[in-house]
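Topology and contacts: notes
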Amino acid sequence: LVWIILYVGLGWRFWTRGLKLFGPFELWILLACVVLGAGLVVAALVTPPLVRVLGGRRSAALAMAAAGAASVAAWFGPRLTSLVVAWVVLGASAQILKIVVDTVLQRSVDDDYRGRVFIAYDLVFNVAFVVGATAVVLLPMDTMVGRLIPAVAAVSYLLLAGWLYRPFARSATT
């Protein structure tokens with residue numbers, strides 16, 4: 001639901017600013033649902049082989065780097081193609097990261113604490129996601145802040161990807 005609100009909110013903003021790229025607004029809603037599904041399907045298909053080849057930590061780093069690149073693509077202009085690609089990549093990246101973190105949590109937390117830790121982690125993840133989506137939809141795009149959001153997101157994603165990809169001590173959870 002949050003994804004659809006985010007995509008529809010962004011679509012409405014682009015549509016009302018004269019960027020009627022995809023016809024009537026109802027088609028933006030359809031596009032949002034299709035793009036959401038595509039990102040989730042991509043993540044479900046790609047994550048298992050990706051983790052087998054790269055490991056969890058480097059898979060998360062790759063997902064964050066892809067999210068950074070997608071944010072840059074969205075920053076360069078609200079064209080239908082760049083928006084759809086960015087939305088699919090961002091959706092897939094978020095889901096890949098969530099799958100990897102869920103797996104690490106399942107492997108590394110003792111059974112006695114797993115439920116409580118998962119609830120806390122899931123709550124923080126979902127609240128951060130909702131706050132971020134709300135900020136993106138509500139902040140005015142015509143201001144400097146609105147123009148800087150994708151740039152700040154891209155830099156943040158890329159810095160996190162670099163931090164995750166750095167050399168690290170091997171453990172059973174990576």
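To be clear, the structure that these remarks concern was listed above.
Here's what I pulled together on the structure shown here. Computed from a prediction, not measured in an experiment: that's the story for all the values here.

Quick look at the nonpolar core
- Core analysis: the biggest nonpolar cluster contains 12 residues, these being Ala43, Leu50, Ala60, Ala61, Ala63, Met64, Ala92, Ile96, Leu97, Val100, Ala161 and Leu164.
- Contributing elements (two or more residues each) for this core: α2 (25-54), α3 (56-75), α4 (80-108) and α6 (144-165).
- Discounting residues that sit within four places of it in the chain, alanine 161 has contacts with Ala61, Met64 and Ala65.
- Core analysis: the second largest hydrophobic core is formed by five residues, Leu31, Val35, Leu83 and Trp87 among them.

Quick notes on the packing of aromatic side chains
- For the structure on display, the rule yields two aromatic pairs.
- Look at tyrosine 121 and phenylalanine 125: their rings are 6.3 Å apart centre to centre, the planes differ by 50 degrees, and that puts the pair in the tilted class. Placement of both tyrosine 121 and phenylalanine 125 in helix α5 (residues 111-138) is noted, with a separation of four residues, approximately one turn of the helix.
- In this structure tyrosine 121 comes out as buried when scored by relative accessible area, which is 16%.
- Clustering of aromatic rings is evident, with ring pairs tying together Phe118, Tyr121 and Phe125.
- Above the face of the tryptophan 163 ring, arginine 57 is positioned so that its terminal group lies 5.3 Å from the ring centre.
- The cationic tip of arginine 58 hangs over the ring face of tyrosine 165; the distance from NZ or CZ to the ring centre is 4.8 Å.

Comments concerning the pattern of salt bridges
- Considering all chains together, one arrives at three salt bridges under this definition.
- In this structure, lysine 98 and aspartate 102 form a salt bridge, with 3.5 Å as the shortest nitrogen-oxygen distance. Taken as a pair, lysine 98 and aspartate 102 lie in helix α4 at a separation of four residues, close to a single helical turn.
- Taking the shortest distance from any N to any O, the salt bridge between lysine 98 and aspartate 122 comes out at 2.7 Å. Here lysine 98 is found in helix α4, whereas its partner aspartate 122 is found in helix α5, with 24 residues between them in sequence.
- Since its relative accessible area comes to 12%, lysine 98 is described here as buried.
- Through salt bridges with shared partners, a single network forms among Lys98, Asp102 and Asp122.

Digging into the side chain of serine 59
- With respect to the helices and strands, the residue serine 59 is situated in helix α3.
- For serine 59, a relative accessible area of 0% translates into the label buried.
- Within polar-contact distance, the side chain of serine 59 engages the backbone oxygen of leucine 50 at 3.2 Å.
- With near-sequence residues (within four places) excluded, serine 59 lies in contact with Leu50, Val51, Leu54, Ile96 and Val100.

Some words on a nonpolar patch on the surface
- Together, Val41, Val42, Leu45 and Val46 line one region of the surface with nonpolar side chains, adding up to about 330 Å² of accessible area.
- Along the polypeptide, valine 46 turns up in helix α2.

Rules of the game
- Residues numbered from 1 in each chain as written.
- Predicted model: local features only at pLDDT ≥ 70, side-chain atom pairs only at ≥ 80, totals over all residues.
- Heavy atoms only, no water.
- Core = buried A, V, L, I, M, F, W, Y, C linked by side-chain atoms within 4.5 Å.
- Buried < 20%, exposed > 50% of the residue type's maximum accessible area, 1.4 Å probe, protein only.
- Helix = DSSP H or I, 4+ residues; strand = E, 2+ residues; numbered from the N terminus.
- Contact = heavy atoms within 4.5 Å.
- Phe/Tyr/Trp six-rings, centres within 6.5 Å; stacked < 30°, edge-to-face > 60°.
- Lys NZ or Arg CZ within 6 Å of the ring centre and 35° of its normal.
- Salt bridge = Lys/Arg side-chain N within 4 Å of Asp/Glu carboxyl O.
- Polar contact = N/O pair within 3.5 Å; in protein donor to acceptor, adjacent residues only side chain to side chain.
- Patch = residues over 30% accessible without salt bridge, like charges linked within 9 Å, V, L, I, M, F, W, Y side chains within 5 Å.
- Areas by Shrake-Rupley, 256 points an atom, 1.4 Å probe, with all protein chains shown as cover.

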